Amino acid sequence: MASLSPPSCLRNLFLSPSPPHPFSRPISRRHLVRRPSALREWREYEDAVKRKDLAGALRFLKTVQTDKQTESMVVSAPPRGLDWEVLDACLNADDMRLVGSAFRFLKDRALLPNFGKFTNIVLEGPREVTPTVLKSATGLEVTKLAPKKWGLSDSSSIALAAFLGGVSYLLSQDIDLRPNLAALLALAFMDSLLLGGTCFAQISCYWPPHKRRVVVHEAGHLLVAYLMGCPIRGVILDPIVAMQMGVQGQAGTQFWDQKMESEIAEGRLSGSSFDRYSMVLFAGIAAEALVYGEAEGGENDENLFRSISVLLEPPLSVAQMSNQARWSVLQSYNLLKWHKAAHRAAVEALQVGSPLSIVIRRIEEAMSPSR
């Protein structure tokens, strides 16, 4: 994909000196600096964020940081929270390296103290995680951690029962539904075949319990990715937007693992990178299990996990994949359990449609030692 070349933020920093006096000393450029309007400076930055111009917003922030360090110009401090907003421009970034730069920039400014807190930490516990070990650690049967097919989960069963009940009632009123029902089933089939169920997902996302569960699932991905040091491009909760951005399923959290990408480019994959990736993938299932006692979503997460597992050399066997999946779910489950407040804060922020910058701030506030 071609990345846009954002317009640069132009600022007139230096005054043209008047003709030199014969007996005057050379004037340093530092004495010729004119302080630009603080309001105009940050308005340029805000405009870049609104345009989702991540490269432009980052360039401005780094320029301000460099200028402050070299004292070549006087720059006012950003309004409270404004520098965080660079994260809101990540969603449209084609180059994930820019997303990583945005997180590193805020991390270097001590605004993201918990980003990557668990990057190099493998949580305690046995490597061999049998269904019995998983149940003893979580209190849940392994079947409670398996994504449900539509019609088998609690929420879809209720919707299916309501639909069948409605059809039964209309038939009892001597209303012939066969033509309409055939058309409805045909549309549902086409939606499933061509759009991956996007239309049905768009309708179901307006049902509050289902919407809340999707948010809980995605907040799990987001928090574990954040704690493991994987920059997050964004969280997509609208099925149509997800389809337009090529995200499989009704929603998605896009994250990036630079180390894993570099290793795959070299034709290898370390155990630590695979563990980290697996934990983020299964964090949505773990979050649902932690909050609701069972998981419904996560089928696409499992498919992604399998697609990576078979690329390993040698490929993982079915038994090895199952064990890695159980281990990853357990690690993510424990990580989310230890940071319940942060997960809850992310859920509440996503629930009201907050941008990524606000979600990350709420996570940091919930994890602050002062709380």
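- With an unreviewed UniProt entry as reference, the protein chain is termed ATP-dependent zinc metalloprotease, source organism Eruca vesicaria subsp. sativa.

**With respect to the confidence of the model for the protein chain**
Here is step 1 of the chain: Residues of the protein chain with pLDDT of at least 70 account for 63%, and the chain-wide mean is 75.
Here is step 2 of the chain: Ranking the elements of the protein chain by mean pLDDT puts helix 7 (residues 198–204) last, at 49, and helix 14 (residues 340–351) first, at 97.
Here is step 3 of the chain: Under a pLDDT of 50 for its full length, residues 70–75 has, in the predicted model, 15 contacts with residues more than four places off or in other chains.

**Description of the nonpolar core**
Here is step 1 of the chain: By size, the foremost hydrophobic cluster in this structure holds 80 residues, and its most contacted members are L54, V86, L87, F103, Y226, I360 and I363.
Here is step 2 of the chain: For V86, the contacting residues outside a window of four places in its chain are Y45, V49, L54, A57, L58, L61, A102 and L106.

**A look at the environment of W327**
Here is step 1 of the chain: Structurally, W327 is set in helix 13 (residues 318–338).
Here is step 2 of the chain: When the C-alpha positions of W327 and M279 are compared, they lie 8.4 Å apart, and in sequence the two are 48 residues distant.

**Overview of the environment of Q258**
Here is step 1 of the chain: Considering the arrangement of structural elements, one finds Q258 in helix 10 (residues 258–265).
Here is step 2 of the chain: Exposure remark for Q258: the relative accessible area of 43% places this residue in the partly exposed category.
Here is step 3 of the chain: With 29 residues separating them along the chain, Q258 and G229 place their C-alpha atoms 9.7 Å apart.

**A few points about helix 11 (residues 271–292)**
Here is step 1 of the chain: Here helix 11 is 22 residues long and its end C-alpha atoms lie 31 Å apart, about the 32 Å a rise of 1.5 Å per residue gives.
Here is step 2 of the chain: If you look at helix 11, its biggest bend is around 45°, right at A283.
Here is step 3 of the chain: Of the residues one or two after helix 11, G293 is the one with positive phi, at around 85°.

**Points about the packing of helix 12 (residues 299–309) against helix 13**
When two helices pack together, their arrangement is given by the angle between the helix axes and by the axis-to-axis distance.
Here is step 1 of the chain: Close contact between helix 12 and helix 13 brings their axes to 11 Å; oriented N to C, the two are set at 130°. Put simply, helix 12 runs oblique to helix 13. As for the relative orientation of helix 12 and helix 13, their crossing is right-handed in sense. Across the interface between the two elements, F305, R306 and S309 of helix 12 pack against M321, Q324 and A325 of helix 13.
Here is step 2 of the chain: Tallied by class, the residues present in the contact of helix 12 with helix 13 amount to three nonpolar, two polar and one charged.

Reading the values: the criteria
Residues numbered from 1 in each chain as written. Predicted model: local features only at pLDDT ≥ 70, side-chain atom pairs only at ≥ 80, totals over all residues. Heavy atoms only, no water. pLDDT = per-residue confidence, 0-100. Helix = DSSP H or I, 4+ residues; strand = E, 2+ residues; numbered from the N terminus. Contact = heavy atoms within 4.5 Å. Core = buried A, V, L, I, M, F, W, Y, C linked by side-chain atoms within 4.5 Å. Buried < 20%, exposed > 50% of the residue type's maximum accessible area, 1.4 Å probe, protein only. Expected span 1.5 Å × (residues − 1). Bend = angle between axes of the 7 residues up to and from the residue. Axes fitted to C-alpha atoms, helices over the stretch in contact; angles between N-to-C directions. Parallel < 35°, antiparallel > 145°, perpendicular 65-115°, else oblique. Left-handed = near helix turned anticlockwise from the far one by under 90°. Nonpolar A, V, L, I, M, F, W, Y, C, P; charged D, E, K, R; others polar.

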